[in-house]
Amino acid sequence: MGYTLISATPSPYARKVRILLAEKGVPFTLQTEVPWESTTETPKYNPLEKLPVLIPDDGKPVYESHYILEWIEAKHPDPPMLPKDIDDRLFAKQVEVVADGICDALVLCFFEKQRGPGKESEPWKARQMRKVEGGLQALATWVDQSSSGKFLIGDSLTLADVAAGSVLGYMAVRWPDHPWMNKHPQLKKYWEGLDARESFASTRPSPQNIKDQIV
Ligand SMILES: N[C@@H](CCC(=O)N[C@@H](CS)C(=O)NCC(=O)O)C(=O)O
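The model shown is predicted, which means the values in this text are computed figures rather than measured ones.

## Concerning the environment of Leu139
- Summarising the element assignment, Leu139 is placed in helix 5 (residues 122-145).
- For the pair Leu139 and Pro79, spaced 60 residues apart in the sequence, the C-alpha separation amounts to 24 Å.
- Not counting residues up to four positions away in its chain, the partners in contact with Leu139 are Val95, Val98, Ile102, Ala164, Val167, Leu168 and Leu187.

Given below as structure tokens:
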């Protein structure tokens, strides 16, 4: 038995969970789906109809990526991925809020683009991209302020790095023309360091073909 994780290959949210489980050495069965298609099992487990969903042995599904990470951290505390110091701990959660917020804006923008030429709202896309730029700037500032430049807090991987690394990996694949690497060279270096870890390298995102009409 064990855990099953409903995931999608491009999903930065699901990737956070995959990375954390790998870092903690927790085995799981990966169930890859396209959440935007009618065949997805996601609504069976999550009333919000989104993946990732973690299904433990007792069958009670755990959903919403930040909550899943906390759930895993509570159930599998070793190695710890949240700092002991309360302010560092809160900072790790703050980073995750920003990383997930960038993902949310990118996803909205991605689907706006799917409407096709002439049907897209340019102000809407610009609004979302402002959030992306602001979020990337915040991540870059935090990397600059970190003591090692390799991890955002202290000298080991925390949930802050898992979240930041996931969104940067998503940018690299879904938005390859975005100039963030030139604009923020330290952030690029930080991301390359994370990307070389086994848990990140083995979960790099890849696009999925979406057959159903979404927008
Ligand atoms: N806030 C959610 C976002 C998850 C999310 O947006 N997942 C996408 C796939 S990347 C999804 O399942 N979307 C389907 C939908 O919104 O109907 C989380 O952090 O888990």
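## Concerning the domain arrangement of the protein
- In terms of domain boundaries, the protein breaks down into domain 1 (3-75) and domain 2 (86-201).
- Just the C-alpha atoms count here: the centres of domain 1 and domain 2 sit 20 Å apart.
- Contacts between domain 1 and domain 2 engage 14 residues on the former and 20 residues on the latter.
- When domain 1 packs against domain 2, the two sides together hide about 1500 Å² of surface, and 62% of this comes from carbon and sulfur.
- Linking domain 1 with domain 2 are five salt bridges, by the criterion used here.
- As a salt-bridge pair, Lys16 and Asp100 come within 2.9 Å of each other at their nearest N and O atoms.
- Seen at the junction of domain 1 and domain 2, the total is seven residue pairs in polar contact (both at pLDDT 80 or more).
- Contributing elements (two or more residues each) for the side of domain 1 that touches domain 2: helix 1 (12-24) and helix 3 (65-75).
- Of the residues forming the side of domain 1 that touches domain 2, the biggest block, eight residues, is contributed by helix 1.

## Looking at the nonpolar core
- By size, the foremost hydrophobic cluster in this structure holds 55 residues, and its most contacted members are Leu54, Leu106, Leu139, Leu152, Leu168 and Leu187.
- Counting residues per element, the ones that place at least two in this core are strand 1 (3-7), helix 1, helix 3, helix 4 (86-114), helix 5, helix 6 (159-174) and helix 8 (185-195).
- Ranked by residue count, the leading element in this core is helix 4, at twelve residues.
- Each of two domains, domain 1 (3-75) and domain 2 (86-201), supplies a minimum of three residues to this core.
- Ile6, Ala8, Ala14 and Ile55 belong to the second largest nonpolar core, which has six residues in total.

## Considerations on the packing of aromatic side chains
- Considering all chains together, one arrives at five aromatic pairs under this definition.
- Geometrically, the ring pair formed by Tyr3 and Trp71 is edge-to-face, given 5.8 Å between the ring centres and 65° between the ring planes. Taken together, the positions of Tyr3 in strand 1 and Trp71 in helix 3 put the pair 68 residues apart, joining distant regions of the chain. A single burial state applies to Tyr3 and to Trp71, both of which are buried.
- Taking the centre distance of 5.2 Å and the plane angle of 85° together, the rings of Phe110 and Phe111 count as edge-to-face. Neither Phe110 nor Phe111 differs from the other in exposure class; each is buried.
- Ring pairs connect the aromatic residues Trp36, Phe110 and Phe111, which therefore count as one cluster.
- If you follow Arg174 out to its NZ or CZ, it ends over the ring of Phe110, 4.4 Å from the centre.

What counts, and where the lines are drawn
Residues numbered from 1 in each chain as written. Predicted model: local features only at pLDDT ≥ 70, side-chain atom pairs only at ≥ 80, totals over all residues. Heavy atoms only, no water. Helix = DSSP H or I, 4+ residues; strand = E, 2+ residues; numbered from the N terminus. Contact = heavy atoms within 4.5 Å. Domains from an automatic or database assignment. Buried area = accessible area lost by both parts, 1.4 Å probe. Salt bridge = Lys/Arg side-chain N within 4 Å of Asp/Glu carboxyl O. Polar contact = N/O pair within 3.5 Å; in protein donor to acceptor, adjacent residues only side chain to side chain. Core = buried A, V, L, I, M, F, W, Y, C linked by side-chain atoms within 4.5 Å. Buried < 20%, exposed > 50% of the residue type's maximum accessible area, 1.4 Å probe, protein only. Phe/Tyr/Trp six-rings, centres within 6.5 Å; stacked < 30°, edge-to-face > 60°. Lys NZ or Arg CZ within 6 Å of the ring centre and 35° of its normal.

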